[in-house]
Amino acid sequence: MTLSRRKTLALIGGGTIVAATAAAGFQITRMPATAHLPWEAAGQYADPRMRALSFAILAPNPHNRQPWMVDLAAPDTVVLYVDTARLLPATDPFNRQITIGLGCFLEVMRLAALEDGLAVSFELFPNGSDPDALDERPVAICRFEPTGAAADPLFAQVPHRRSLKEPYDLARPVPDAAMATIREAGIHGTLVEGTNDPDTVASLRALSREALRIEIETPHTYQESVDLFRIGRREVDANPDGIDFTGPVFEGLSMTGLFTRASVLDRSSTAYQQGLAAVFANTDTAMAHIWQVTRTNTRADQIAAGRDWVRLNLAATALGLGIQPLSQALQEYPEMQNLYRQTHERLAPAGGTVQMWARLGYGPEIGPSPRWPLEEKIVA
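Criteria and cut-off values
Residues numbered from 1 in each chain as written. Predicted model: local features only at pLDDT ≥ 70, side-chain atom pairs only at ≥ 80, totals over all residues. Heavy atoms only, no water. Core = buried A, V, L, I, M, F, W, Y, C linked by side-chain atoms within 4.5 Å. Buried < 20%, exposed > 50% of the residue type's maximum accessible area, 1.4 Å probe, protein only. Helix = DSSP H or I, 4+ residues; strand = E, 2+ residues; numbered from the N terminus. Contact = heavy atoms within 4.5 Å. Phe/Tyr/Trp six-rings, centres within 6.5 Å; stacked < 30°, edge-to-face > 60°. Lys NZ or Arg CZ within 6 Å of the ring centre and 35° of its normal. Pairing = 2+ DSSP bridges. Axes fitted to C-alpha atoms, helices over the stretch in contact; angles between N-to-C directions. Expected span 1.5 Å × (residues − 1). Salt bridge = Lys/Arg side-chain N within 4 Å of Asp/Glu carboxyl O. Parallel < 35°, antiparallel > 145°, perpendicular 65-115°, else oblique. Left-handed = near helix turned anticlockwise from the far one by under 90°. Nonpolar A, V, L, I, M, F, W, Y, C, P; charged D, E, K, R; others polar.

A. Geometry of the nonpolar core. Counting 66 residues, the largest nonpolar core has Leu-80, Leu-102, Phe-105, Met-109, Phe-144 and Leu-360 as its most contacted members. Sorting elements by how many residues they give to this core places helix H5 (residues 96–115) first, with 11 residues. In contact with Leu-360, not counting residues within four places along its chain, are Tyr-168, Val-174, Met-179, Ile-182, Ala-286, Met-287, Ala-288, Ile-290, Ala-316, Gly-322 and Ile-323.

B. Summary view of the packing of aromatic side chains. Following the criterion strictly, the structure yields eight aromatic pairs and no others. Plain terms: the ring middles of Phe-245 and Phe-259 are 5.0 Å apart, the flat faces sit at 65° to each other, and that makes the pair edge-to-face. Taken together, the positions of Phe-245 in strand S7 (residues 243–245) and Phe-259 in the loop between helix H10 (248–255) and helix H11 (261–265) put the pair 14 residues apart, joining distant regions of the chain. The exposure classification of Phe-245 matches that of Phe-259, with both residues buried. Feature note: the residues Phe-229, Phe-245, Phe-250 and Phe-259 constitute an aromatic cluster, connected by ring pairs. Across the ring face of Trp-39, the terminal group of Arg-162 is positioned such that the distance to the ring centre comes to 5.1 Å. Above the face of the Tyr-362 ring, Arg-172 is positioned so that its terminal group lies 3.7 Å from the ring centre.

C. Fine view of the sheet that holds strand S2 (residues 77–82). Read across the open sheet, the four strands follow the order S1-S2-S4-S3; overall the sheet is antiparallel. Each edge of the sheet is formed by a strand with only one pairing partner; in this case those strands are strand S1 (68–71) and strand S3 (118–124). Each strand of the sheet is rotated relative to its neighbour by a mean of 25°, with strand direction disregarded. Across four bridges, S1 lies against S2 in antiparallel orientation. Directly across from Met-69, in S2, lies its bridge partner Tyr-81. Running over the sheet, helix H4 (residues 48–56) touches S1, S2, S3 and strand S4 (140–146) and is turned about 30° from S2.

D. Molecular detail of helix H12 (residues 270–283). The end-to-end C-alpha distance of H12 is 20 Å, a good match for the 20 Å that 14 residues give at a rise of 1.5 Å each. Along H12, the positions that sit buried rather than exposed are Ala-271, Tyr-272, Gly-275, Leu-276, Ala-278, Val-279, Phe-280, Asn-282 and Thr-283.

E. Structural context of the sheet that holds strand S5 (residues 191–195). Reading across the sheet, the four strands line up as S5-S8-S10-S9 and stay open at both edges, with antiparallel pairing between neighbours. Every interior strand has two partners, whereas the edge strands, S5 and strand S9 (322–325), have only one. Neighbour to neighbour, the strand axes of the sheet diverge by 25° on average, direction disregarded. Sheet topology places strand S8 (residues 288–294) next to strand S10 (residues 353–361); seven bridges connect them, and they run antiparallel. Considered in S10, the bridge of Thr-294 is made with Thr-353. On top of the sheet, helix H7 (residues 198–217) reaches S5, S8 and S10; it is set at about 70° to S8, its chief contact.

F. How the structure looks around the pairing of S8. Among the seven residues of S8, seven are classified as buried, and the element is accordingly described as predominantly covered. Along S8, one buried face is formed by Ala-288, Ile-290, Gln-292 and Thr-294 and the opposite face, lined by His-289, Trp-291 and Val-293, is buried too. Here S5 runs beside S8; their pairing, made up of five bridges, is antiparallel. Bridge pairing in S8 links Glu-193 to Trp-291.

G. The pattern of salt bridges, seen in detail. Applying the stated rule across the entire model yields 19 salt bridges. When the shortest N-O distance is used, the salt bridge between Arg-65 and Asp-241 registers 3.7 Å. One end of the pair, Arg-65, is in the loop between H4 and S1; the other, Asp-241, is in the loop between helix H9 (233–238) and S7, and 176 residues separate them in sequence. Of the two residues, Arg-65 and Asp-241, neither departs from the other in class, the shared state being buried. Taking the shortest distance from any N to any O, the salt bridge between Arg-96 and Glu-332 comes out at 3.4 Å. Remark: Glu-332 occurs in the loop between S9 and helix H14 (337–347) and Arg-96 occurs in helix H5; sequence separation between them is 236 residues.

H. Up close: the packing of H4 against H5. Interhelical geometry of H4 versus H5 gives an angle of 135° and a closest axis separation of 8 Å. One way to sum up the angle between H4 and H5 is to call them oblique. Crossing hand, H4 versus H5: right-handed. Across the interface between the two elements, Ala-52, Leu-53, Phe-55 and Ala-56 of H4 pack against Phe-105, Val-108, Met-109, Ala-112 and Ala-113 of H5. Tallied by class, residues from the contact of H4 with H5 come to nine nonpolar, no polar and no charged.

Right under this line is the structure:
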């Protein structure tokens, strides 16, 4: 589950939060000290591979698990591995979404390298792969070499890209021209479709809401998200991944015991009910939808989907549009089976696999997600 970081639970406790804020003062208003530093460090390395990688770690990825590890032992080469300790077995049992996140990483690395006049070629899964699970084998061998190719203008949006998990402005439709521009940003072979038709969007809102309800009401999938909650600046700095909750509201709720892992697991609690209302406020304010389909569902297809997915993100960012993935209906665990089938019938009537689906709209500006430092992602 992806919760709104800034407005969710704003009403919980009411005066309790005001009192806590007054009592805690400085402590409650402090933000993480180190979790956002990788955004500032991007590009500040002498080695062009490190420069490219410092942007790649800013790529979108499921539940912000940041599942990448890299080996730089060979010159002009980056070998990408998945960190098997950062998988999502409940909601992503075949590691399809994690693989898409690795594709996002590779595309941002490629865009960053182009800024330095370098092309990057990818040898995917050189030692083979398992369709049922990622493992310790390399995901990609990435070779850097000089090129005269022009830089890609989408790269300029990398520092500004966000997954905007906030309600969108219901008074601002997404223009047809914007939909076309975003769709055209995909260049790696995935089929990109979308709609801003109000009736179709309304029906897709209902579908995405139901998928979210199933994920939250399925104990093992909801537990997976709750286990990745980082509540308050200390937790976020200590583990700058997962689902972060920072800022005065969440600091206050945490200090008063109103927002804890136990409270959000209790379906009778205010925290649970307000959290549910907040995530539904997101799905219910989609102003357009966009999705990607591949004819087959190989690991290479999933990497390509990730490479195109981040490009769609960057194109939306350039247009001032918010974008949020709606991954729930595409998840392959038994409780989601019927809705998974319905979603594919709607979004891929000619067959294939829907790799990504997202809502679009205009929303507030938000800050970046926490990130582990690049140095933590290099194989020793």
